[in-house]
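Take a look at the letters that make up each chain.
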Amino acid sequence: MSDGPTYGFDTLQIHAGARPDPATGSRQTPIYQTTAYVFRDADHAAALFNLQEVGYIYSRLTNPTVAVLQERIATLEGGAGAVCCSSGHAAQIMALFPLMQPGCNVVASTRLYGGSVTQLSQTIKRFGWSATFVDTDDLDAVNAAIDENTRAVFCESIANPGGYVTDIRALADIADAAGLPLIVDNTSATPYLCRPIEHGATLVVHSTTKYLTGNGTVTGGCIVDSGTFDWSASDKFPSLSQPEPAYHGLKFHETFGPLAFTFHGIAIGLRDLGMTMNPQGAHYTLMGIETLSLRMQRHVENAKKLAAWLEADDRVDYVTYAGLPSSPYADRVKAQYPKGAGALFTFAVKGGYDACVKLVNALEIFSHVANLGDARSLIIHSASTTHRQLTPEQQEAAGAGANVVRLSIGIEDADDLIADLDQALAKATA
Ligand SMILES: *Cc1c(COP(=O)(O)O)cnc(C)c1O
């Protein structure tokens, strides 16, 4: 579909990347449940292994079902190409891998998903990489954090745990001026609410586990490349600009142009790191994406209703939702997230820790789980779960104080969700 007229989002979320199966005419994308693919002959095999011809060798690298999902997400994000992998965290490592070397660092927003903070502050040190965390609203601090060993700037569009949206354009301008790629985790916004590449991002990463699949069935990740970054403009990105010994000295950027990052992700990243998405997982995510825009509209509509209801309730201290007119980010939402500020937010319950525990226990529709972006409404009391190991000061700084719960608003009837919160708040604050 990529060569035809320009289609709208609702059309592309169903059709992009897919075509009737050439063998059977199957209208829905088949689950190509195979490990390997038969070569036409020895020359064909050699050309595939030399990257002189694009095709299927082995499903750690490429699989036709996964390929449809890659093209679909790349199209929806407005990117040149995409690589899917086994989880959102895998996508983050896969995005950094071609950019980093021992001694290099990434400048990252302080407002990130908790697991990403751990990955970037602790685990990547084992690779000799490091992260410098900055408040991305303080643009001088972002500039000051960049040094000669910085290889990327990393942020989330709509940031976990909610209530904050990033000024992507401002960060992209800083990254550009420093000759660095901006990587945006677009999990909570999805390309329906925000297309970071249009605001200057180089790479977009996703946990497809969340809204893209939309029903809490599989984990997956994706890296989308805008195709616009000049990897050869400096000597900072030798993996992409310099000869690759594993492919007879092939230079990825020179050879593949705007698809350099994508080809590197498959030919080196998936080949050697092996964080591959399986075809069953890709199938579930393809099914989910077909209804992405419809779900996101309802997620946002419900989140607005619930946030407004909670903000007006006496048993609630405050609500942090960027979609509320009272949010300090209301203008930024209008400019960069015109379709809405997502469906994640936190609120503080009068009565503190004990009231929060009673609240999560009393809810009937909301599930107490460590997940987000499901069709069903979810709640988590971070201080007694995901943020349990942190000091009270660290919990406060992360927006996860003892009196705070995070909601991921689903697509049920808003009135039922409000009634559920109402009865649970009554029990929690009695
Ligand atoms: C869940 C999540 C991740 C990690 O994704 P997994 O699929 O769980 O590995 C990263 N970023 C954000 C914003 C997330 O919500």
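Small disclaimer: the values here were computed from a predicted structure and weren't measured. (Residues numbered from 1 in each chain as written. Predicted model: local features only at pLDDT ≥ 70, side-chain atom pairs only at ≥ 80, totals over all residues. Heavy atoms only, no water.)

Tell me about the pattern of salt bridges, and please be specific about residues and values.
Enumeration over the complete set of coordinates arrives at 12 salt bridges. Here Asp135 and Arg111 are joined by a salt bridge, their closest N and O atoms 3.0 Å apart. Here the residue Asp135 occupies a position in the loop between strand E3 (130-134) and helix H6 (139-145), and Arg111 occupies one in the loop between strand E2 (105-109) and helix H5 (114-121), the gap between them amounting to 24 residues. With a relative accessible area of 32%, Asp135 lands in the partly exposed category. When its relative accessible area of 23% is taken as the criterion, Arg111 is described as partly exposed. (Salt bridge = Lys/Arg side-chain N within 4 Å of Asp/Glu carboxyl O. Helix = DSSP H or I, 4+ residues; strand = E, 2+ residues; numbered from the N terminus. Buried < 20%, exposed > 50% of the residue type's maximum accessible area, 1.4 Å probe, protein only.)

Before we move on, can you summarise helix H17 (residues 414-428) with the specific residues and values?
A rise of 1.5 Å per residue sets the reference length of H17, with its 15 residues, at 21 Å; its end C-alpha atoms lie 21 Å apart and thus fit the reference within 8%. Among the residues of H17, those classed as buried are Ala414, Leu417, Ile418, Asp420, Leu421, Ala424, Leu425 and Ala428. On an axial view of H17, the arc spanned by its buried residues comes to 160°, and they lie on one face. Contact partners of the buried residues in H17: helix H13 (292-311), strand E10 (316-320), strand E11 (344-349), helix H15 (352-362) and strand E14 (404-408). (Expected span 1.5 Å × (residues − 1). Arc of directions from axis to C-beta. Contact = heavy atoms within 4.5 Å.)

Please provide a residue-by-residue account of the sheet that holds E10, values included.
Spatial strand order, E10-E11-E14-E13-E12: five strands in an open sheet with mixed pairing. Edge positions in the sheet fall to E10 and strand E12 (367-368), since each of these pairs with one other strand and no more. Contacting E10, E11 and E14, H13 crosses the sheet at an angle of about 15° to E11. Lying on the sheet, H15 is in contact with E11, E12, strand E13 (378-380) and E14; it crosses E11 at an angle near 125°. (Pairing = 2+ DSSP bridges. Axes fitted to C-alpha atoms, helices over the stretch in contact; angles between N-to-C directions.)

So, the site of the ligand: which residues are in play, and what are the values?
Close contacts around the ligand come from 15 residues, with Gly88, Asp185, Ser207, Thr209 and Lys210 the closest. Between the ligand and Ser87, the relevant distance is 3.4 Å, taken from an oxygen atom to a side-chain nitrogen or oxygen of the residue. A distance of 2.7 Å separates an oxygen atom of the ligand from a polar atom in the side chain of Lys210. About the coverage of the ligand: the protein hides 92% of its 380 Å² of free accessible area. (Near = heavy atom within 4 Å. Polar contact = N/O pair within 3.5 Å; in protein donor to acceptor, adjacent residues only side chain to side chain. Areas by Shrake-Rupley, 256 points an atom, 1.4 Å probe, with all protein chains shown as cover.)

For the domain arrangement of the chain, give the residues involved together with the corresponding values.
Domains assigned within the chain are domain 1 (9-288) and domain 2 (293-428). One C-alpha centre belongs to domain 1, the other to domain 2; they are set 29 Å apart. At the junction of the two partners, domain 1 supplies 32 residues and domain 2 supplies 32 residues. Here domain 1 meets domain 2 over a buried area of about 2,700 Å², counting both sides, of which 54% is carbon and sulfur. The three residues of domain 1 that bury the most area against domain 2 are Tyr192, Leu193 and Tyr211, which together make up 29% of that side's buried surface. Summed over the shared surface of domain 1 and domain 2, the number is one salt bridge. Ionic pairing is found between Asp137 and Arg332, a salt bridge with its closest N-O pair at 2.9 Å. Counting across the interface, domain 1 meets domain 2 through 14 residue pairs in polar contact (both at pLDDT 80 or more). (Domains from an automatic or database assignment. Buried area = accessible area lost by both parts, 1.4 Å probe.)

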